[in-house]
Amino acid sequence: MTAQLIDGNALSRQLRSEVAQRAAALKTRGTTPGLAVILVGDNPASQVYVRNKVKACEDVGFHSVLEKYDASMTEAELLARVEALNNDPSIHGILVQLPLPGHIDDHKVIETISPLKDVDGFHVASAGALMVGEIGFKACTPYGCMKMLESIGMKDLRGKHAVVIGRSNIVGKPMAMMLLAANATVTVCHSGTADLAAMTRQADIVVAAVGKRNVLTADMCKSGAVVIDVGMNRNDEGKLCGDVDFDGVKEVAGFITPVPGGVGPMTITMLLVNTMEAAERSAG
Ligand code: NAP
């Protein structure tokens, strides 16, 4: 193996311990950071995600509230809950776990969350703030990817070419904006890109956020490139794997993130960072 691993677990531990210290300091000033997580329905993957998020909050000394509702909850009832949490001074961050049952409009729910408590960074106001360089909450997964780059000394990306594969509103697009804000030259690829390999071969940094195995193989990478794998898929044995052909790409890349143990833990970590930030802002 030539590539160095960017260890998302180790970086998460470091960042979470910094958050725990900030939380303890804020508590001495009378404010305990609070996160409310809402889960509607019984999607098994969502249940695991929310459990992990609540546990992560407890570990850093936050106050956390998990509200679980039956899939029959109406949209109006959910909007009313979000409004109530918007007005609850003990709650600094609100997260509504997606996907929601089909009869509820995700967009309407996200837009009802106060931008001051939008710690997932999915609100249009948060996306707009990122776009124009104003203060707002950054979407957790791409924010975590940026922290991983920072951890290997890549904070100012002037002169670097970054290729993002995927253009979803929660990963690909905000990722591209954050890379651009860090002065990278950015190319965004998607299912309509004619020759993906021609793009990725020029890249100093590749972020794969597609949701398909082996989207990025060794022949598509420049020697020494930094490869960040956001994908979460299952291989033939049912094991978690990313979008990147890890075994092949690690022989070519300079740095690579593993799956599991890469971007995944960073996403929850950045949720904690955003909630901490929200609590500090509200405390003034
Ligand atoms: P998504 O909304 O399905 O978007 C996938 C993107 O990939 C789309 O933009 C699509 O292009 C593009 N795409 C599909 N096939 C392609 C191909 N052959 N070549 C190039 N681009 C292609 O997915 P998402 O929500 O962004 O998630 C992406 C992956 O990241 C999933 O595996 C998800 O589970 C994972 N994820 C992980 C975390 C984490 O914490 N680790 C967090 C969020 C997501 P079009 O736009 O043209 O359709």
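Residues numbered from 1 in each chain as written. Predicted model: local features only at pLDDT ≥ 70, side-chain atom pairs only at ≥ 80, totals over all residues. Heavy atoms only, no water.

K.L.:
What is the right way to read the packing of helix α1 (residues 8-28) against helix α10 (residues 263-283) from this model?
P.N.:
Any two packed helices are characterised by the angle at which their axes cross and by the distance between the axes. It is the contact of α1 with α10, at a shortest axis distance of 9 Å, that shows an interaxial angle of 20°. Here α1 lies roughly parallel to α10, going by the angle between them. Every pair of crossing elements has a handedness; the one defined by α1 and α10 is left-handed. In contact with G8, N9, L11, S12, L15, R16, V19, R22, A23 and L26 of α1, α10 contributes P265, M266, I268, T269, M270, L272, V273, M276, E277, A279, E280 and A283. (Axes fitted to C-alpha atoms, helices over the stretch in contact; angles between N-to-C directions. Helix = DSSP H or I, 4+ residues; strand = E, 2+ residues; numbered from the N terminus. Parallel < 35°, antiparallel > 145°, perpendicular 65-115°, else oblique. Left-handed = near helix turned anticlockwise from the far one by under 90°. Contact = heavy atoms within 4.5 Å.)

K.L.:
Any chance you could explain the side chain of D118 here in plain terms?
P.N.:
Within the secondary structure, D118 sits in the loop between α4 (106-112) and α5 (124-132). No salt bridge is formed by the buried D118; its nearest oppositely charged neighbour, R281, is found at 9.2 Å. When neighbours within four sequence positions are excluded, D118 is seen to be in contact with I113, H123, S126 and F137. (Buried < 20%, exposed > 50% of the residue type's maximum accessible area, 1.4 Å probe, protein only. Lys, Arg positive; Asp, Glu negative; His and termini not counted. Salt bridge = Lys/Arg side-chain N within 4 Å of Asp/Glu carboxyl O.)

K.L.:
Where do I start with the packing of aromatic side chains in this structure?
P.N.:
Centre distance and the angle of the planes are the two values used to describe a pair of aromatic rings. Taken as a whole, this structure holds zero aromatic pairs when the rule is applied. One Lys or Arg, K138, reaches over the ring of Y143 and ends 4.8 Å from the middle of that ring. Directly above the ring of F137 sits R281, whose terminal nitrogen or CZ lies 4.3 Å from the centroid. (Phe/Tyr/Trp six-rings, centres within 6.5 Å; stacked < 30°, edge-to-face > 60°. Lys NZ or Arg CZ within 6 Å of the ring centre and 35° of its normal.)

K.L.:
Any chance you could explain the pattern of salt bridges here in plain terms?
P.N.:
Pairing between side chains of opposite charge can happen when their charged atoms approach one another. Using the criterion set out here, one finds eleven salt bridges in the structure. A salt bridge links K108 to E75; its shortest N-O distance comes to 2.8 Å. Of the two residues, K108 is situated in helix α4 and E75 in helix α3 (residues 75-86); the sequence distance between them amounts to 33 residues. With relative accessibility at 40%, the residue K108 sits in the partly exposed group. The exposure class of E75 is buried, given its relative accessible area of 16%. The residue E251 makes a salt bridge to K250 at a minimum N-O spacing of 3.1 Å. According to the relative accessible area criterion, K250 is buried, its value standing at 16%. One continuous salt-bridge network, built from bridges that share partners, spans R22, E277, E280 and R281.

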